[in-house]
Amino acid sequence: EPEVTQTPSHQVTQMGQEVILRCVPISNHLYFYWYRQILGQKVEFLVSFYNNEISEKSEIFDDQFSVERPDGSNFTLKIRSTKLEDSAMYFCASTGDRENYQETQYFGPGTRLLVL
Amino acid sequence: AQKITQTQPGMFVQEKEAVTLDCTYDTSDQSYGLFWYKQPSSGEMIFLIYQGSYDEQNATEGRYSLNFQKARKSANLVISASQLGDSAMYFCAMRGMDSSYKLIFGSGTRLLVRP
(Lines give C-alpha, C1' and ligand atoms only; values in the text may rest on other atoms or scores of the structure.)
Protein backbone atom coordinates (compact mmCIF):
# COMPACT_ATOMS: atom_id res chain seq x y z
CA GLU A 1 0.00 0.00 0.00
CA PRO A 2 1.43 3.41 -0.93
CA GLU A 3 2.52 5.55 1.98
CA VAL A 4 4.00 8.93 2.80
CA THR A 5 7.56 8.73 4.07
CA GLN A 6 9.52 11.29 6.07
CA THR A 7 13.18 11.68 6.95
CA PRO A 8 14.74 11.98 9.39
CA SER A 9 12.55 10.44 12.06
CA HIS A 10 14.31 12.51 14.72
CA GLN A 11 16.41 15.66 14.45
CA VAL A 12 18.25 17.49 17.20
CA THR A 13 19.64 20.91 16.38
CA GLN A 14 21.05 23.99 18.04
CA MET A 15 19.01 27.16 18.18
CA GLY A 16 19.73 29.34 15.16
CA GLN A 17 20.67 26.45 12.90
CA GLU A 18 18.88 25.61 9.67
CA VAL A 19 17.01 22.33 9.33
CA ILE A 20 15.44 20.65 6.34
CA LEU A 21 12.72 18.10 6.84
CA ARG A 22 12.07 15.79 3.94
CA CYS A 23 8.95 14.05 2.76
CA VAL A 24 8.11 11.76 -0.13
CA PRO A 25 4.35 11.99 -0.74
CA ILE A 26 2.32 9.23 -2.34
CA SER A 27 3.38 9.17 -5.95
CA ASN A 28 0.16 10.12 -7.74
CA HIS A 29 -0.91 12.73 -5.21
CA LEU A 30 -0.98 16.36 -6.19
CA TYR A 31 -1.60 18.23 -2.95
CA PHE A 32 0.87 18.40 -0.10
CA TYR A 33 0.73 19.70 3.42
CA TRP A 34 2.90 20.28 6.45
CA TYR A 35 1.41 20.17 9.93
CA ARG A 36 3.02 20.66 13.33
CA GLN A 37 2.23 19.12 16.69
CA ILE A 38 3.86 20.57 19.77
CA LEU A 39 4.20 17.91 22.46
CA GLY A 40 0.87 17.23 24.13
CA GLN A 41 -1.04 19.60 21.88
CA LYS A 42 -3.23 19.30 18.82
CA VAL A 43 -2.08 19.09 15.25
CA GLU A 44 -1.81 22.51 13.57
CA PHE A 45 -1.79 23.34 9.88
CA LEU A 46 1.34 25.05 8.59
CA VAL A 47 1.18 25.19 4.81
CA SER A 48 -0.40 23.64 1.74
CA PHE A 49 1.30 23.25 -1.63
CA TYR A 50 -0.14 22.60 -5.06
CA ASN A 51 1.15 23.00 -8.58
CA ASN A 52 4.57 24.07 -7.33
CA GLU A 53 3.33 26.90 -5.20
CA ILE A 54 1.94 27.59 -1.77
CA SER A 55 -1.87 27.62 -1.81
CA GLU A 56 -2.30 28.61 1.83
CA LYS A 57 -0.14 29.19 4.87
CA SER A 58 -0.98 29.70 8.50
CA GLU A 59 0.23 32.52 10.71
CA ILE A 60 2.76 30.08 12.17
CA PHE A 61 4.42 29.82 8.75
CA ASP A 62 6.48 32.99 8.93
CA ASP A 63 9.54 34.05 6.94
CA GLN A 64 11.69 31.49 8.72
CA PHE A 65 9.81 28.69 6.98
CA SER A 66 9.89 27.68 3.35
CA VAL A 67 8.74 24.71 1.32
CA GLU A 68 9.97 23.26 -1.91
CA ARG A 69 9.34 20.39 -4.26
CA PRO A 70 12.78 20.19 -5.81
CA ASP A 71 12.57 17.11 -7.99
CA GLY A 72 9.00 15.92 -8.48
CA SER A 73 9.09 13.39 -5.68
CA ASN A 74 10.46 15.09 -2.57
CA PHE A 75 8.65 17.77 -0.62
CA THR A 76 10.76 19.67 1.89
CA LEU A 77 10.18 22.02 4.79
CA LYS A 78 13.07 24.31 5.67
CA ILE A 79 13.38 26.26 8.89
CA ARG A 80 16.11 28.84 8.36
CA SER A 81 16.99 29.78 11.92
CA THR A 82 15.42 27.46 14.44
CA LYS A 83 13.99 28.68 17.72
CA LEU A 84 13.31 26.73 20.89
CA GLU A 85 9.58 26.95 20.21
CA ASP A 86 10.03 25.15 16.88
CA SER A 87 10.52 21.92 18.84
CA ALA A 88 7.62 19.73 17.72
CA MET A 89 6.58 16.79 15.61
CA TYR A 90 6.28 17.79 11.97
CA PHE A 91 3.93 15.82 9.77
CA CYS A 92 3.83 15.77 6.01
CA ALA A 93 0.52 14.80 4.38
CA SER A 94 -0.66 14.32 0.84
CA THR A 95 -3.92 13.84 -0.97
CA GLY A 96 -4.82 13.05 -4.50
CA ASP A 97 -7.85 15.05 -5.42
CA ARG A 98 -8.46 18.28 -3.60
CA GLU A 99 -11.70 18.87 -5.47
CA ASN A 100 -13.14 15.68 -4.07
CA TYR A 101 -13.61 16.55 -0.46
CA GLN A 102 -13.95 12.88 0.32
CA GLU A 103 -10.30 12.40 -0.42
CA THR A 104 -8.38 11.47 2.68
CA GLN A 105 -5.13 13.14 3.64
CA TYR A 106 -2.52 10.51 4.32
CA PHE A 107 0.08 11.39 6.90
CA GLY A 108 3.72 10.45 7.09
CA PRO A 109 5.18 9.07 10.32
CA GLY A 110 6.50 12.48 11.33
CA THR A 111 9.84 14.06 12.14
CA ARG A 112 10.41 14.85 15.79
CA LEU A 113 12.46 18.07 15.94
CA LEU A 114 14.20 19.13 19.12
CA VAL A 115 15.84 22.55 19.25
CA LEU A 116 18.35 23.03 22.04
CA ALA B 1 -14.01 30.07 10.91
CA GLN B 2 -14.02 26.34 11.36
CA LYS B 3 -13.63 24.78 14.76
CA ILE B 4 -13.49 21.26 16.16
CA THR B 5 -14.20 20.59 19.83
CA GLN B 6 -13.36 17.41 21.68
CA THR B 7 -14.49 17.77 25.27
CA GLN B 8 -13.10 14.50 26.66
CA PRO B 9 -9.38 14.82 27.39
CA GLY B 10 -9.25 11.22 28.58
CA MET B 11 -11.45 8.14 28.54
CA PHE B 12 -11.26 4.65 29.99
CA VAL B 13 -12.99 1.60 28.55
CA GLN B 14 -12.95 -2.03 29.51
CA GLU B 15 -11.59 -4.42 26.92
CA LYS B 16 -14.33 -5.81 24.63
CA GLU B 17 -16.75 -3.01 25.47
CA ALA B 18 -17.83 -0.20 23.15
CA VAL B 19 -16.80 3.41 23.65
CA THR B 20 -17.95 6.71 22.15
CA LEU B 21 -15.55 9.61 21.63
CA ASP B 22 -17.28 12.95 21.24
CA CYS B 23 -16.63 15.53 18.54
CA THR B 24 -18.57 18.67 17.73
CA TYR B 25 -17.77 21.07 14.95
CA ASP B 26 -18.59 24.51 13.73
CA THR B 27 -18.50 25.67 10.13
CA SER B 28 -20.37 27.90 7.74
CA ASP B 29 -19.46 25.70 4.77
CA GLN B 30 -22.27 23.73 3.16
CA SER B 31 -19.92 20.96 2.08
CA TYR B 32 -17.31 19.57 4.41
CA GLY B 33 -15.67 16.36 5.48
CA LEU B 34 -15.15 14.94 8.94
CA PHE B 35 -12.29 12.61 9.77
CA TRP B 36 -11.00 10.64 12.71
CA TYR B 37 -7.34 9.82 13.15
CA LYS B 38 -5.64 7.58 15.70
CA GLN B 39 -2.26 8.52 17.14
CA PRO B 40 -0.56 5.72 19.08
CA SER B 41 2.32 6.42 21.41
CA SER B 42 4.73 5.99 18.50
CA GLY B 43 3.38 9.24 17.11
CA GLU B 44 2.11 8.48 13.63
CA MET B 45 -1.32 9.65 12.47
CA ILE B 46 -3.49 6.78 11.26
CA PHE B 47 -6.65 7.52 9.28
CA LEU B 48 -9.66 5.70 10.68
CA ILE B 49 -12.89 6.90 9.12
CA TYR B 50 -14.46 9.64 7.02
CA GLN B 51 -17.95 11.19 6.89
CA GLY B 52 -19.07 13.61 4.22
CA SER B 53 -21.56 16.33 5.04
CA TYR B 54 -23.99 15.08 2.39
CA ASP B 55 -23.69 11.43 3.30
CA GLU B 56 -27.01 10.20 4.60
CA GLN B 57 -25.64 7.02 6.06
CA ASN B 58 -23.28 6.94 9.00
CA ALA B 59 -19.82 5.81 7.98
CA THR B 60 -18.50 2.46 9.18
CA GLU B 61 -15.05 0.88 8.88
CA GLY B 62 -14.73 -2.42 10.66
CA ARG B 63 -15.03 -1.78 14.41
CA TYR B 64 -15.23 1.98 13.84
CA SER B 65 -18.43 3.83 13.14
CA LEU B 66 -19.20 7.50 13.02
CA ASN B 67 -22.40 8.75 14.63
CA PHE B 68 -23.09 11.78 12.45
CA GLN B 69 -25.79 14.19 13.62
CA LYS B 70 -25.69 17.10 11.22
CA ALA B 71 -28.30 19.25 12.94
CA ARG B 72 -26.37 18.98 16.20
CA LYS B 73 -23.03 19.37 14.39
CA SER B 74 -21.61 16.30 16.02
CA ALA B 75 -19.52 13.47 14.60
CA ASN B 76 -18.85 11.03 17.40
CA LEU B 77 -16.58 8.03 16.90
CA VAL B 78 -17.82 4.70 18.19
CA ILE B 79 -15.33 1.91 18.71
CA SER B 80 -16.96 -1.45 19.25
CA ALA B 81 -15.35 -4.42 21.03
CA SER B 82 -12.38 -2.41 22.30
CA GLN B 83 -8.96 -3.99 22.15
CA LEU B 84 -5.82 -3.20 24.11
CA GLY B 85 -4.27 -1.91 20.91
CA ASP B 86 -6.94 0.78 20.71
CA SER B 87 -5.22 2.66 23.52
CA ALA B 88 -4.09 5.88 21.83
CA MET B 89 -4.93 9.54 21.20
CA TYR B 90 -7.86 10.08 18.89
CA PHE B 91 -8.25 13.26 16.88
CA CYS B 92 -11.34 14.50 15.13
CA ALA B 93 -10.66 16.73 12.13
CA MET B 94 -12.65 18.67 9.57
CA ARG B 95 -11.91 19.75 6.06
CA GLY B 96 -13.96 22.53 4.55
CA MET B 97 -14.02 24.04 1.11
CA ASP B 98 -11.43 26.77 1.57
CA SER B 99 -8.58 27.34 -0.85
CA SER B 100 -6.33 24.63 0.50
CA TYR B 101 -8.72 22.05 1.93
CA LYS B 102 -6.54 21.87 5.00
CA LEU B 103 -7.54 19.82 8.02
CA ILE B 104 -8.55 21.53 11.26
CA PHE B 105 -8.01 19.27 14.27
CA GLY B 106 -9.56 19.03 17.68
CA SER B 107 -7.50 18.77 20.84
CA GLY B 108 -7.84 15.00 21.00
CA THR B 109 -9.07 12.35 23.41
CA ARG B 110 -6.69 9.91 25.07
CA LEU B 111 -8.32 6.49 25.25
CA LEU B 112 -7.04 3.83 27.61
CA VAL B 113 -8.36 0.30 27.25
CA ARG B 114 -8.25 -1.70 30.48
CA PRO B 115 -7.73 -5.48 30.37
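Bear in mind that the values here come from a model prediction, so they are computed numbers and not experimental data.

Across all of its chains, the model carries 21 aromatic pairs over all chains by this definition. With a centroid separation of 5.9 Å and an interplanar angle of 65°, the aromatic rings of B:Tyr37 and B:Phe47 are classed as edge-to-face. In this pair, B:Tyr37 sits in strand β5 (residues 33-39) while B:Phe47 sits in strand β6 (residues 46-52), placing the two residues 10 residues apart along the sequence. Site record: aromatic cluster; members linked through ring pairs are A:Tyr33, A:Tyr35, A:Phe45, A:Phe91, A:Tyr106, A:Phe107, B:Phe35, B:Tyr37, B:Phe47, B:Tyr50, B:Phe91 and B:Phe105. Its guanidinium or amino end placed over the ring of A:Phe45, B:Lys102 lies 5.6 Å from that ring's centre, counting from NZ or CZ. A cation over an aromatic ring shows up here: B:Arg114 above the ring of B:Phe12, its NZ or CZ 4.1 Å from the ring centre.

Right, let's talk about the nonpolar core for a bit. Judged by nonpolar contacts, the single largest core of 24 residues is most densely connected at B:Leu34, B:Trp36, B:Ile49, B:Leu77, B:Tyr90 and B:Leu111. If you list the elements that add at least two residues to this core, you get β3 (19-21), β5, β6, β8 (64-69), β9 (74-79), β10 (88-95) and β12 (109-114) of chain B. The element that contributes the greatest number of residues to this core is β10(B), accounting for 4 residues. The residues touching B:Ile49, leaving out its near neighbours within four places in the chain, are B:Leu34, B:Phe35, B:Trp36, B:Ala59, B:Thr60, B:Glu61, B:Tyr64, B:Ser65, B:Leu66 and B:Leu77. A:Ile26, A:Leu46, A:Ile60 and A:Phe61 belong to the second-largest nonpolar core, a separate cluster that totals 22 residues.

On to the sheet that holds strand β3 (residues 19-24) of chain A. Residues and elements named next belong to chain A. The antiparallel open sheet is built from 4 strands, whose spatial order is β1-β3-β8-β7. Bordering the open sheet on either side are β1 (5-7) and β7 (65-68), each of which pairs with just one other strand. Within this sheet the neighbouring strands show an average axis-to-axis angle of 20°, counted without direction. As judged from the 3 bridges shared by β1 and β3, these two strands associate in the antiparallel manner.

All names here are of chain A. A cluster of nonpolar residues, Val12, Leu114 and Leu116, forms a patch on the protein surface that exposes about 270 Å² of accessible area. As for its position among the elements, Val12 is in strand β2 (residues 10-13). Given the relative accessible area of 55%, Val12 is considered exposed.

Opposite the 23 residues of chain A that make contact, chain B presents 27 residues. Taking both sides of the interface into account, the surface hidden between chain A and chain B amounts to around 2000 Å²; carbon and sulfur atoms contribute 54%. Taken together, chain A and chain B are joined by 1 salt bridge. Residue A:Glu56 pairs with B:Lys102 through a salt bridge whose shortest N-O separation is 2.8 Å. Going through the elements one at a time, β4 (31-37), β5 (43-50), β6 (53-57) and β9 (88-95) of chain A are the ones with two or more residues in the side of chain A that touches chain B.

This part takes up unusual backbone geometry. That bond from A:Thr7 to A:Pro8 is cis: its omega, -10°, falls within 30 degrees of zero. Mapped onto the fold, A:Pro8 is located in the loop between β1 and β2. Even without a glycine there, the phi angle at B:Lys73 is positive, about 55°. Its location among the elements puts B:Lys73 in the loop between β8 and β9. Residue B:Lys73 is classed as partly exposed on the basis of its relative accessible area of 30%. Positive phi is not limited to glycine here, since B:Ala81 has a value of about 45°. Inspection of the secondary structure assignment puts B:Ala81 in the loop between β9 and β10.

What follows concerns the environment of B:Ile49. Residues and elements named next belong to chain B. Mapped onto the elements, Ile49 comes out in strand β6. Exposure remark for Ile49: the relative accessible area of 1% places this residue in the buried category. Between the C-alpha atoms of Ile49 and Thr5, which are 44 residues apart in sequence, the distance is 17 Å.

Reading guide: rules and limits
Residues numbered from 1 in each chain as written. Chains lettered and ligands numbered in written order. Predicted model: local features only at pLDDT ≥ 70, side-chain atom pairs only at ≥ 80, totals over all residues. Heavy atoms only, no water. Phe/Tyr/Trp six-rings, centres within 6.5 Å; stacked < 30°, edge-to-face > 60°. Helix = DSSP H or I, 4+ residues; strand = E, 2+ residues; numbered from the N terminus. Lys NZ or Arg CZ within 6 Å of the ring centre and 35° of its normal. Core = buried A, V, L, I, M, F, W, Y, C linked by side-chain atoms within 4.5 Å. Buried < 20%, exposed > 50% of the residue type's maximum accessible area, 1.4 Å probe, protein only. Contact = heavy atoms within 4.5 Å. Pairing = 2+ DSSP bridges. Axes fitted to C-alpha atoms, helices over the stretch in contact; angles between N-to-C directions. Patch = residues over 30% accessible without salt bridge, like charges linked within 9 Å, V, L, I, M, F, W, Y side chains within 5 Å. Areas by Shrake-Rupley, 256 points an atom, 1.4 Å probe, with all protein chains shown as cover. Salt bridge = Lys/Arg side-chain N within 4 Å of Asp/Glu carboxyl O. Buried area = accessible area lost by both parts, 1.4 Å probe.

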